[in-house]
Amino acid sequence: SSHQTWGGRFAEGPDARVAAFTESISFETRLAPYDIQGSIAHAGMLAHIGVLTSAEFETIRDGLLAIDEQIAAGEFPWDPALEDVHMNIEARLTENIGHLGKKLHTARSRNDQVATDVRLWLRDALDHLIGEVDRLRSGLIGLAEREADTIMPGFTHLQVAQPVTFGHHMLAWQAMLARDAERLGQIRARANVLPLGAAALAGTTFAIDRERVAAELGFDGVIDNSLDAVSDRDFAIEFVSASATIMMHLSRFSEELILWMSPAFGFVELPDRYCTGSSIMPQKKNPDVAELTRGKTARVQGHLTALLTLMKGQPLAYNRDNQEDKIPMFDTADTVTTCIALFADMMPHVAVDSAQCREAARRGFATATDLADYLVRAGVAFRDAHEIVGNCVSTAIEQGCDLAELELATLQRFSDAIGGDVYEVLTLEGSVAARDHIGGTAPNQVRAAAARARAALAG
Ligand code: ARG
């Protein structure tokens, strides 16, 4: 027989290549504290129902806590021959406390054990990530307040469309992240239920108390069906999906920052510490954090595809395929959390060049729609107003000037509805101030929206 925990029915141990192929310890040690937490709760329940004595429970618990400390200190001798984190810890426990360690796995399987570990890990990972998303939101709200009056061009088709305020733009980013944080919270709530008790797949013959274990581990309830408990990974898919959405948002922010930092735009500047240089071109200062974030978005999207594909062909209940959920899940958590944290650090330090932003809006005839609206208020039908303003723009292009620089007489050639007060609507400041309603870009609306966003973040 082999040395494996499950080796009783085997005539020989696994081939070396098989052992290396099937082990998961090389990528899952982050589950160890959760595995120990789950084992202590399980053992406590076994004592409660009389399967262990309370003295036995205490010895097991103390043995597990000692291992927990050793792992935290980085001194635990992980052994790939023991396959996974569960076997490593259990084998070590038995080595340390003797025969009693062999009783821990009563009424349990690695199938419900790993599902429990992963949910416990994910809960912490989500709490940390939500905290970082909120930190970024807070930074964006601060930036919005700081730049509530800063005029920049708003774009459609990446062509100058209408003036907006920089603060308004930052609050659009914040709104995306608010939904992301909400999604993560919903995923946490759905994932926070206990698989333990399902054992391998059908439940156990012992009179276990699952509610007790759930309460001990801070779960909101138990998973109702044992087959579902060991085989469901949609909680992981939801997490990676929400993370892919966050990355998609960050990637869009990145794309904009990269454009805005290009001297062709020159809207913003990042502190040197958030940029890198070129090995050949001495003048270069590159927005690599944004570029790498855009690049890493591809990985997380790939992880989502990997998990969906991993699950699509699996019959109930547990299959070893599920071990392949770890790397996509862990790498997703690491990637999205790192990117969000970097953005949270960086965004409050974005310096906005308000003169450049203003000039770009001015050059782009961004107040053309305001002129059309002015004509409509003077009784011109909108379609006719559109045509008239198009002619004004064409003349301004010919004269190489801005709409506001055209002579009144010139403007009046296109419509007698134009009066001397037209210049009020042609200014950038007048244009943004006029969009004065909930959701509009007027500076006072941006301030009010920032206050609402702050309250939502605090509540
Ligand atoms: N490492 C395995 C996983 O990640 C643990 C469960 C193994 N269960 C089993 N019956 N082989 O899924």
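Calculation notes
- Residues numbered from 1 in each chain as written.
- Predicted model: local features only at pLDDT ≥ 70, side-chain atom pairs only at ≥ 80, totals over all residues.
- Helix = DSSP H or I, 4+ residues; strand = E, 2+ residues; numbered from the N terminus.
- Rg over C-alpha atoms; globule rule 2.2 N^0.38 Å.
- Contact = placed C-beta atoms within 7 Å.
- Expected span 1.5 Å × (residues − 1).
- Buried ≥ 20, exposed ≤ 12 C-beta atoms within 10 Å, placed from the backbone.
- Core = buried A, V, L, I, M, F, W, Y, C linked by C-beta atoms within 7 Å.
- Near = placed C-beta within 6 Å.
- Nonpolar A, V, L, I, M, F, W, Y, C, P; charged D, E, K, R; others polar.
- UniProt positions renumbered as here; feature names shortened; annotations may be inferred.
- Domains from an automatic or database assignment.
- Axes fitted to C-alpha atoms, helices over the stretch in contact; angles between N-to-C directions.
- Parallel < 35°, antiparallel > 145°, perpendicular 65-115°, else oblique.
- Left-handed = near helix turned anticlockwise from the far one by under 90°.
- Pairing = 2+ DSSP bridges.

1. Considerations on the overall build of the chain
Along the backbone of the chain there are 19 helices and four strands. Against the 2.2 N^0.38 benchmark of 23 Å for 459 residues, the chain shows a C-alpha radius of gyration of 31 Å, more extended than a compact globule. Long-range contacts, defined as pairs at least 24 residues apart, comprise 73% of the intrachain contacts of the chain with a sequence gap of at least 6.

2. Points about helix α3 (residues 32-48)
Residues lying three or four places apart along an α-helix face the same way, a consequence of the helix completing one turn every 3.6 residues. Counted at 1.5 Å a residue, the expected span for α3 with its 17 residues is 24 Å, and the 24 Å between its end C-alpha atoms agrees. Burial of α3 is extensive: 12 of the 17 residues sit out of reach of the surface. Of all the residues in α3, the buried ones are Ala32, Tyr34, Asp35, Ile36, Gly38, Ser39, Ile40, Ala41, His42, Ala43, Met45 and Leu46. Next to the buried residues of α3 lie α4 (54-72), α5 (85-97), α6 (110-146) and α8 (210-216).

3. Overview of the nonpolar core
The tendency in soluble globular proteins is for nonpolar side chains to be buried as a group. In terms of nonpolar packing, the biggest core is built from 116 residues, with Leu140, Ala144, Met152, Val240, Val336, Ile340 and Leu371 touching the most fellow members. It is α6 that provides the largest number of residues to this core, a total of 15 residues.

4. Some thoughts on the site of the ligand
As a structural note, the neighbourhood of the ligand is formed by Ser24, Asp84, Arg110, Asn111, Val114, Arg320, Asn322 and Gln323. Grouping the constituent residues of the shell around the ligand by class yields one nonpolar, four polar and three charged.

5. Things to note about the UniProt feature "domain: Fumarate lyase N-terminal" (unreviewed entry) in the chain
Look at the UniProt record and you will see "domain: Fumarate lyase N-terminal" (unreviewed entry) annotated at residues 8-302. A helix fraction of 61% and a strand fraction of 5% characterise residues 8-302, whose end C-alpha atoms lie 40 Å from each other.

6. A closer look at the UniProt feature "domain: Argininosuccinate lyase C-terminal" (unreviewed entry) in the chain
In this numbering, the UniProt entry assigns the feature "domain: Argininosuccinate lyase C-terminal" (unreviewed entry) to residues 365-433. Its end C-alpha atoms 17 Å apart, residues 365-433 is made of 67% helix and 0% strand.

7. Looking at the domain arrangement of the chain
The domain boundaries assigned to the chain delineate domain 1 (13-106), domain 2 (115-205 + 220-358) and domain 3 (368-426). Relative placement of domain 1 and domain 2: their C-alpha centres are 33 Å apart. If you look at the interface, domain 1 gives 10 residues, while domain 2 gives 10 residues. Every element with two or more residues in the side of domain 1 that touches domain 2 is listed here: α2 (25-28) and α3. In terms of residue count, α3 provides more of the side of domain 1 that touches domain 2 than any other element does, five residues in total. Counted by class, the side of domain 1 that touches domain 2 contains three nonpolar, four polar and three charged residues.

8. Observations concerning the packing of helix α7 (residues 166-191) against helix α19 (residues 443-458)
Running from N to C, α7 and α19 point in directions that differ by 25°, and their axes come no closer than 10 Å. Taken together, the axes of α7 and α19 lie roughly parallel to each other. Relative to α19, α7 is oriented so that their crossing is left-handed. Only Val446, Ala449, Ala450, Ala453 and Ala456 of α19 make contact with α7, whose side of the interface consists of Gly167, His168, Leu171, Gln174 and Ala178. Looking at the contact of α7 with α19, its residues break down into seven nonpolar, three polar and no charged.

9. Thoughts on the environment of Arg135
By the secondary structure assignment, Arg135 is in helix α6. Owing to 18 C-beta atoms within 10 Å, Arg135 belongs among the partly exposed residues under this scheme. Separated by 322 residues in sequence, Arg135 and Leu457 have C-alpha atoms that sit 9.5 Å apart.

10. What about the pairing of strand β2 (residues 159-165)?
Note on strand geometry: in a regular strand, side chains alternate between the two faces of the sheet. Alignment of strand β1 (residues 151-156) against β2, held across six bridges, turns out to be antiparallel. In the strand pairing of β2, Gly154 is matched with Gln162. A loop of two residues connects β1 with β2, the two strands running antiparallel in sequence, and His157 in this loop sits at a positive phi of about 60°.

11. Digging into the packing of α6 against helix α12 (residues 326-346)
Relative to each other, α6 and α12 sit at 25°, their axes nearing to 8 Å. Taken together, the axes of α6 and α12 are roughly parallel relative to one another. Both α6 and α12 take part in a crossing whose hand is left-handed. Contact with α6, carried on its side by Ala125, His128, Leu129, Glu132, Val133, Arg135, Leu136 and Gly139, involves Ala333, Val336, Thr337, Ile340, Ala341, Phe343 and Ala344 of α12 and no other residues of that element. Taken together, the residues of the contact of α6 with α12 break down into 10 nonpolar, three polar and two charged.

12. Some remarks on the environment of Glu211
Within the element layout of this structure, Glu211 appears in helix α8. Assessed through the 14 C-beta atoms surrounding it within 10 Å, Glu211 is described here as partly exposed. For Glu211 and Leu196, which are 15 residues apart along the polypeptide, the C-alpha to C-alpha distance reads 10.0 Å.

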